[in-house]
Amino acid sequence: MNRRALIGGIGGGAAVVLVGGIFGIRALVGAASKASANNSANDYDPNTLPTAAGASGGITTADVSALIKDLNTALSKRDKAAFLARHASGATATQAGRMFDNLGKFTFDKLEYQVIGEGGRVFNSGNGSTVNVDIALVHQVTGVDATELPEWYRWTVSRPTSSAPIVITAVAGSPIILGQGKYVYYPAIWDSPNDIVVVERPNLVLAAETASDGKILSKNADVFAEAIKNNRTGWSQAGGQTKGLAPGAFIVGTSTRDKFYYWYSGKANQYGFEAGITIPVLNAASMDNMGSGAPKVYGSRIVLDLTTSYFTDDSGEDVPQTLVQHEDAHNIMFSVMTTDQASMPLWIVEGFADFMATRTYSNPVQNYLQLATLKRSVSSGGGSWDGHTFPSNAQVYAIDPVDMGAGYALSTLAYYYIEQKYGMNKVIAFAQGNYRANSTVDGTTGMDNPADIASSVLGVSLDELQTDWAAFVHQTIGR
């Protein structure tokens, strides 16, 4: 199911969630391999395009470069008329105008179009007057992003007359090659045909497609900001990696489930248990050098379902702060991640996120939202946990909500055990180490291997950690 690829959570008010979009990482790695194989001469250079075939006077690299230059100048000067002049009249220009206005609601450290010169991407001319070309909108939102992120578009451009400059006649997302997504990080919220709502707080940008969703975000904006601050305070005070750390979070809220998976992938009408999802986004430089073997750098985008019990019940731990702290924990980890793939066991991924989501509450272990679910699962005798091993990926993302809740609880209790036994600094070091490819990056410990991390950070074998954790679980649940 798609929620497996996206990495799902649980519904019914459970403390859920995400790392959605791991499929996107793998898909783009596949795209790079295709580029290297098909176009070694161009080898994924973002600053060049293959020359289009076609009749004499056909659209060329120089034409596309001039188009991009004009659009970037219009964006930097906030010249809407100049921006629209490079779009065909009618529906294309109308949507371009809306996008221009929506982009103006954000503050950017970087905002510009760049060409994608990659063999697996389209740049062709059938008759010399029309071309499909893939373009990246490279952007860095102020106070939120630590790096420049891409959104890939597929433009259809045409030359209205033999002597006229080319214009954009159609805009869509650039198709993903593999995986569960449809497009590469498209559409972003600013691609909405609506007049979007943007709410800002320090190190936090919230966006919604409708006025009603904007009101919900505005109502909770201060709580969200506190959640972002809590996570970074806990992270930095415990010695977490600061180089490349996302300073904040970019969150899209929606009350339309059909749109929940749509943002940043184009896959609408998908249904899972998630209350929120965090989409990892390879930064522009990593996308430009997919085959280099260099450590990859990520940002992320968060999408929240505003109809879930986090917003409707709003009691105990079942509150917006819990959800945002969970999602932002994923956001933090993606920003310091240097592994080529998010391959660590899910108990490490989701356990850390739910630990960060709940650690700020009074008596967090006994008040943990999923503890009752775990007790029920164990006492029934029909649960999937064997009583002594870390939960498998299938248990963490179980189809049955009770088994899934138990899997999340078992995962989260691993971090609460580490905190009680070794301290908060070791919690951060253990989680961070599993997201780091090797110990040579930034001089930090990282092996992308739980056994090696347990030994280097905690001084015990993974088997010893598992045995001690299982005893802690049994003591905590009284079983």
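All figures in this text were calculated on a predicted structure; none of them were measured in a lab. (Residues numbered from 1 in each chain as written. Predicted model: local features only at pLDDT ≥ 70, side-chain atom pairs only at ≥ 80, totals over all residues. Heavy atoms only, no water.)

A. Up close: the sheet that holds strand S8 (residues 249-254). Read from one edge to the other, the open sheet built from 5 strands follows the order S6-S7-S8-S10-S9, with strand pairing classed as mixed. Where the open sheet ends on each side, the last strands, each with one partner, are strand S6 (197-201) and strand S9 (276-282). On average, adjacent strands in this sheet sit at an angle of 20 degrees to one another, irrespective of strand direction. Note: S6 against strand S7 (residues 204-208), 5 bridges, orientation antiparallel. In the strand pairing of S7, Val199 is matched with Leu206. Against the sheet, helix H6 (residues 211-237) contacts S6, S7, S8 and strand S10 (298-305), and its axis sits at roughly 160 degrees relative to S7. (Pairing = 2+ DSSP bridges. Helix = DSSP H or I, 4+ residues; strand = E, 2+ residues; numbered from the N terminus. Axes fitted to C-alpha atoms, helices over the stretch in contact; angles between N-to-C directions. Contact = heavy atoms within 4.5 Å.)

B. Examining the packing of helix H11 (residues 346-358) against helix H14 (residues 401-422) more closely. Taken N-terminus to C-terminus, the directions of H11 and H14 make an angle of 70 degrees; their axes are 7 Å apart at the nearest point. With respect to each other, H11 and H14 are oriented roughly perpendicular. Judged by the twist between their axes, the crossing of H11 over H14 is right-handed. In this structure, H11 uses Trp347, Ile348, Glu350, Gly351, Phe352, Asp354, Phe355 and Thr358 to contact H14, whose residues at the interface are Tyr408, Ser411, Thr412, Ala414, Tyr415, Tyr416 and Glu419. Among the residues making up the contact of H11 with H14, the classes are represented as 8 nonpolar, 4 polar and 3 charged. (Parallel < 35°, antiparallel > 145°, perpendicular 65-115°, else oblique. Left-handed = near helix turned anticlockwise from the far one by under 90°. Nonpolar A, V, L, I, M, F, W, Y, C, P; charged D, E, K, R; others polar.)

C. Summary view of unusual backbone geometry. The amide bond that connects Tyr186 to the next residue, Pro187, takes the cis arrangement and shows omega of 0 degrees. Position of Pro187 relative to the elements: it lies in the loop between strand S5 (167-173) and S6. Positive phi values are uncommon outside glycine, yet Tyr185 reaches one of about 60 degrees. Relative to the assigned elements, Tyr185 resides in the loop between S5 and S6. Although it is not a glycine, Asn203 sits at a positive phi angle of roughly 60 degrees.

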